[in-house]
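Fold and geometry: a report
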Amino acid sequence: MKITVKLFAIFRNDRFKIEDREFPNESTVGDVLTSLGIDHPELGVALVNARHVTLATVVTDGQTLSLFPKVGGG
Amino acid sequence: MNRIFRVNMKDLTCKIEEVPEAWAGHGGRGLTSTIVAAEVPPTCHPLGPNNKLVFAPGLLTGTPAAQSGRMSCGAKSPLTGGIKESNSGGTSAQQFAKLGIKAMIIEDKPEAGKWYELHINNDGVTFHDASALKGLQNFDVIDAMNAKYSTKIGVCTIGIPGEERLMSANISVKDSDQKIRSHGRGGMGAVMGSKGIKVMTIDDSAGKRVEIADKDKFRAAAKVFAKAMLDHPVTGEGLPIYGTNVLINILNEAGGLPTKNFLYGQCDHHDKVSGETMHDVIASRGGSTKHGCHAGCIIQCSQVYVDENKEYITSGFEYETVWGLGINCMIESLDDCARIDNAMDNIGIDSIEGAVLLGVAMEAGVLPWGDGKEALRLMNEEIGKATPLGRILGNGTKSVGDAYGLTRVPVVKGQGIPAYDPRSVKGIGITYATSTMGADHTAGYSIATNILQVGGHIDPLVKEGQVELSRNLSIATAAVDSTGMCIFIAFPALDIPECLPALIDMINARYGITLDGDDVVGLGKSILKTEKAFNEAAGMNNAHDRLPEFFELEPIPPHNVVWDFTPEEIDEFWNF
Ligand code: SF4
């Protein structure tokens, strides 16, 4: 299945901003991170269709997954 | 810090007083709000003789504690009609602390047309004719004061909008790079202007190091505290690299980024003005991606933004300002946004109010959406010169909405709503509604838990848990605002268990006292209640703790949600 992955902040370093990528069916957010070489504890926020999801959330074909390290401001 | 400087602008006198017992445990916001509540008649005109302008450094300001150099400024606000505290970086807080000034209270006003420089040193305050400075904007005032004294002189100044008492006018504080930090929100510059004060200069050369009761205990706690700042990924890595503007992309992805005067929750060109882009632009041009607003800041969320020739454009270019210009006004050029930010520093208006009011002005057709050049002209030539149009604009977001008969006017208690949509980030909506300061994201930064997943997670789109979240954060923030600490210590404080105890230990070691966590919560609660009581006596009631009606009527994409809290649910905030 195809997932659009968007990366932000330091996750972009040596990777990409946005890419369509193939993943096996039933892949989780954690699986996507692993495939990108990102340690799971580094994840700050993951969003699918503008909703917060967890490492265990299963992504489905055609979704957009946005991944952020721990960031803040105000 | 053991003295109160009481300045009277009618007699041009300064009395040096002892600190009354009741004020001894207060600093920063707690102290300015306590003094305003005790001494300012709540129904007075904010620009009249009975309002008082109060400055107070925090409880820890002047010590080696990281992040502790913020100055609070308080008064009755001309913008909200209620109590106001606005804190700023720059050098003034640490200079006051060195001079042992726990607070400076400025009373009354001189005869119309008189302008003064207040010169503050170890002996008190002297009053100097400042008519030659009238009509100068902030950077020229700073240059003039640096030439008169030296670059070490502390400077707090107003531009023409402050002289003309426009309600978006701020007070600009010189930082150690001779640039500007601001007591931004609530029109404190108009209050300063109403008192005939063009500039305050601070000479701390005869000052002393702040005394610490238990140095060993202080040193140990300060170390733990600083380590927490550097260990937390937000304060140790995210903020120094990207600044606060890292929030553009995450709010966009979450659908909470108010776009085109709060019509949409996402913006197509978000990445053009994002923190990531800003970092790359600054780095490629040879500016500074890291910068502190005062000595002793180890987080360094600020930056110096330069043009292609490495010439300074602006610094302290914060998320809320970039959002307001780049997203809410659709100005896609980061350079244009930076120039407008610098113009707002120079003329001396709040860069949040300035950006939010421009969005409403665009909706009114005063200028086209996205027109950064015209926005810059309006700042410099209209608001900056207080022309008739400049007065309509410079009196703030509500003034523009009223003048043009609009309903999508994002304000609470007259103050412009910043960078997070309350329909799709509901916790911050409770803070906007209930804050004693008018719409103020910093008063109880629910974004941390709603969006950033710091301090746990509460779904931004559900109502459950939001009131309690906002209440707890607001209480904690009132206490932290009393220490002189910058707001970003909240990130480590929410996640790292040793952080808050270390902060309390530093206060205890500094004063030789024994506060515990409950005392600090109690302090936060009593500050909020003091502020609320002032607002009620000034004529506010529960009906002022509400968001504008359009948030209930207009669903915001992509979530297509409205603001759906009942009045009773909002009022639960005050149940403590
Ligand atoms: S982190 Fe930012 S706001 Fe806080 S003290 Fe440093 S520069 Fe100022």
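Look up: the structure comes first, before these words.
Attention here is on the structure that accompanies the text. (Residues numbered from 1 in each chain as written. Chains lettered and ligands numbered in written order. Predicted model: local features only at pLDDT ≥ 70, side-chain atom pairs only at ≥ 80, totals over all residues. Heavy atoms only, no water.)

**Here we look at the overall build of chain A**
The helix and strand inventory of chain A stands at 1 helix and 5 strands. Listed by position from the N terminus, the elements making up chain A come as β-β-α-β-β-β. Overall size of chain A, expressed as C-alpha extent along the three principal axes, is 35 × 25 × 20 Å. Within chain A, the fraction of its 74 residues that count as buried is 54%. (Helix = DSSP H or I, 4+ residues; strand = E, 2+ residues; numbered from the N terminus. Buried < 20%, exposed > 50% of the residue type's maximum accessible area, 1.4 Å probe, protein only.)

**A few points about the side chain of B:Lys426**
Residues and elements named next belong to chain B. Summarising the element assignment, Lys426 is placed in helix H16 (residues 426–434). On the basis of relative accessibility, which here comes to 1%, the residue Lys426 falls in the buried class. The residues touching Lys426, leaving out its near neighbours within four places in the chain, are Asn450, Pro460, Leu461, Val462, Lys463, Gln466, Val562, Trp563, Asp564 and Phe565. (Contact = heavy atoms within 4.5 Å.)

**Topic: the sheet that holds strand S13 (residues 288–291) of chain B**
Within a sheet, each strand pairs with its neighbour through backbone hydrogen bonds, oriented either parallel or antiparallel. Residues and elements named next belong to chain B. The sheet built from 3 strands is open, its strands ordered S13-S14-S15 with antiparallel pairing. In this open sheet, the two strands that pair with only one neighbour each are S13 and strand S15 (312–315). The mean angle between the axes of side-by-side strands here comes to 25 degrees, regardless of whether they run parallel or antiparallel. Sitting on the sheet, helix H11 (residues 334–347) is in contact with strand S14 (302–306) and S15, with an inclination near 70 degrees to S15. (Pairing = 2+ DSSP bridges. Axes fitted to C-alpha atoms, helices over the stretch in contact; angles between N-to-C directions.)

**A word on the pairing of strand S3 (residues 43–48) of chain A**
All names here are of chain A. Where burial is concerned, most of S3 is hidden: 6 out of the 6 residues are buried. Direction of pairing for S3 relative to strand S5 (residues 64–69): antiparallel, over a ladder of 5 bridges. Note on S5: the bridge partner recorded for Ala46 is Leu67. Linkage of S3 to strand S4 (residues 51–53), two consecutive antiparallel strands, is achieved through a turn of 2 residues, within which Asn49 is found at a positive phi near 50 degrees.

**Things to note about the interface of chain B and chain A**
Opposite the 35 residues of chain B that make contact, chain A presents 21 residues. The contact between chain B and chain A buries some 2100 Å² in all, and 60% of this surface belongs to carbon and sulfur atoms. For the interface between chain B and chain A, the tally reads 4 salt bridges. A salt bridge links B:Asp271 to A:Arg12; the shortest N-O distance between them is 3.2 Å. At the junction of chain B and chain A, the tally comes to 11 residue pairs in polar contact (both at pLDDT 80 or more). Residue assignment for the side of chain B that touches chain A shows that the elements contributing at least two residues are helix H7 (233–242) and helix H8 (247–254) of chain B. (Buried area = accessible area lost by both parts, 1.4 Å probe. Salt bridge = Lys/Arg side-chain N within 4 Å of Asp/Glu carboxyl O. Polar contact = N/O pair within 3.5 Å; in protein donor to acceptor, adjacent residues only side chain to side chain.)

**Brief notes about the pairing of strand S1 (residues 2–7) of chain A**
Residue and element names in this part refer to chain A. Burial analysis of S1 places 5 of its 6 residues in the buried class, the great majority of the element. Two strands pair when backbone bridges link them, and S1 and S5 are joined in this way by 4 bridges, in the parallel orientation. Looking at S5, one finds that Thr4 is bridged to Thr64.

**Observations concerning the sheet that holds strand S8 (residues 124–129) of chain B**
Residues and elements named next belong to chain B. Here we have 6 strands laid out as an open sheet, ordered S8-S7-S12-S9-S10-S11, and mixed in their pairing. For this open sheet the edge positions go to S8 and strand S11 (180–183), each flanked by a neighbour on one side alone. Across the sheet, the axes of successive neighbouring strands diverge by a mean angle of 25 degrees, strand direction being ignored. Across 4 bridges, the pairing between strand S9 (residues 154–157) and strand S12 (residues 197–202) is antiparallel. Its bridge partner lying in S12, Val155 is registered against Thr201. Seen against the sheet, helix H3 (residues 138–148) touches strand S7 (116–121), S8, S9, strand S10 (171–174), S11 and S12 and runs at an angle of roughly 150 degrees to S9.

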